[in-house]
Amino acid sequence: MYPRVTDILSPLTTYDQVPEYVMHRAAQRGTTVHALCASIAKHAWVPDNMVDREHLPYVNSFRLWAEAQVQSFEIVEKRYTDEVAGFSGQLDFVIKGRDNELYLVDIKTSARPQKTYPLQMAAYEHLLGLNKVQVKGAMLVYLSKVGEFPEIQYVENIEECRQVFFAALICYNYIHKRKSDDSTIT
């Protein structure tokens, strides 16, 4: 089994000052909101009265964004693998925008951006390319916790981000190989 993009990048994130219970709750919220948004993208009926009060503003923010910028959802929550480089990643969406172009999209429920998010997007864009899916660009959509239109961050230099991701992959492989090698030394 190959490591996931998020596992490879996790040592580079800056959540050290956040209490564990807060991180756990944020992870649960993110998982639930992603599932709800994926259901909406797949045209499932998701009535407001069936969505928990904590999650509804994020869902409404997603709906506002989708109505304004999405012509269609082409790919929804799909895992891809690069067997040569040895990693996998599950992207949120590939959309056809109102301009008829394809875009890679990752939704976020976190309060603040991480420097690793564009690296994550570059890894996903690489995986799409291996599967002959070409996108015009990549964007991070920060859903609003009060239900407003989300903040959108376009990934500017995807090639530089891809290079940094592959450097992180080399480090990840080195550390994990070293750990397994060290366990055989007595």
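Going by the structure above, here's the rest.
Residues numbered from 1 in each chain as written. Predicted model: local features only at pLDDT ≥ 70, side-chain atom pairs only at ≥ 80, totals over all residues. Heavy atoms only, no water.

Visitor: I keep staring at the overall build of the chain and nothing clicks. Help me out?
Guide: Counting secondary structure elements, the chain contains five helices and five strands. The order of α-helices and β-strands along the chain, N terminus first, is α-α-α-β-β-β-α-β-β-α. Scaling as 2.2 N^0.38, a compact globule of 186 residues should have a C-alpha radius of gyration of about 16 Å, and the chain matches this with 18 Å. For the chain, the residues scored as buried account for 43% of the 186 residues in total. Pairs at least 24 apart in sequence give 65% of the contacts found in the chain among residues at least 6 apart. Taking the average place of the 20 positive charges on the side chains of the chain and the average place of its 23 negative ones, the gap between the two points comes to 2 Å. (Helix = DSSP H or I, 4+ residues; strand = E, 2+ residues; numbered from the N terminus. Rg over C-alpha atoms; globule rule 2.2 N^0.38 Å. Buried < 20%, exposed > 50% of the residue type's maximum accessible area, 1.4 Å probe, protein only. Contact = heavy atoms within 4.5 Å. Lys, Arg positive; Asp, Glu negative; His and termini not counted. Charge placed at Lys NZ, Arg CZ, Asp CG, Glu CD.)

Visitor: Is there a simple way to think about the side chain of S110 in this case?
Guide: Secondary-structure assignment places S110 in the loop between β3 (102-108) and α4 (116-130). Within the structure, the side chain of S110 is placed 3.0 Å from the side chain of Y117, a separation counted as a polar contact. (Polar contact = N/O pair within 3.5 Å; in protein donor to acceptor, adjacent residues only side chain to side chain.)

Visitor: Even after reading the chapter, I still don't get the sheet that holds strand β2 (residues 87-97), so can you show me in this structure?
Guide: Either a parallel or an antiparallel arrangement is found when strands of a sheet pair, and the pairing is made through backbone hydrogen bonds. Read from one edge of the open sheet, five strands run β1-β2-β3-β4-β5, paired in mixed fashion. Among the strands making up the open sheet, the edge pair consists of β1 (70-82) and β5 (151-154). Direction aside, neighbouring strands of the sheet carry axes that sit 30 degrees apart on average. In the sheet, strand β4 (residues 137-142) pairs with β5 via four bridges, with the strands oriented antiparallel. (Pairing = 2+ DSSP bridges. Axes fitted to C-alpha atoms, helices over the stretch in contact; angles between N-to-C directions.)

Visitor: What is the right way to read the environment of Y58 from this model?
Guide: Residue position: Y58 is located in helix α3 (residues 56-69). For Y58, a relative accessible area of 6% corresponds to the buried category. Linking Y58 and V33, residues 25 residues apart in sequence, is a C-alpha distance of 6.9 Å. Beyond its immediate stretch of four places on either side in the chain, Y58 contacts R29, V33, T109, L143, S144 and K145.

Visitor: Explain α4 to me, please; I cannot follow it from the model alone.
Guide: Here α4 is 15 residues long and its end C-alpha atoms lie 21 Å apart, about the 21 Å a rise of 1.5 Å per residue gives. Here α4 lies mainly inside the structure; 13 of its 15 residues are buried. Downstream of α4 by one or two residues, K132 has phi in the positive range, about 60 degrees. (Expected span 1.5 Å × (residues − 1).)

Visitor: When you look at helix α2 (residues 20-41) in this model, what are you seeing that I'm missing?
Guide: In an α-helix, one turn spans 3.6 residues, which is why side chains three or four residues apart end up on the same side. A rise of 1.5 Å per residue sets the reference length of α2, with its 22 residues, at 32 Å; its end C-alpha atoms lie 31 Å apart and thus fit the reference within 8%. Buried within α2 we find R29, G30, V33, H34, L36, C37, A38, I40 and A41. Residues of α2 that are buried in the fold lie against α3, β1, β2 and β3. Just beyond α2, the residue with positive phi is H43, at close to 65 degrees.

Visitor: When you look at the packing of aromatic side chains in this model, what are you seeing that I'm missing?
Guide: Aromatic ring pairs are reported here in terms of the distance separating the ring centres and the angle at which the planes meet. Summed over the entire model, instances satisfying the criterion amount to nine aromatic pairs. Ring pairs connect the aromatic residues F62, W65, F73 and F93, which therefore count as one cluster. (Phe/Tyr/Trp six-rings, centres within 6.5 Å; stacked < 30°, edge-to-face > 60°.)

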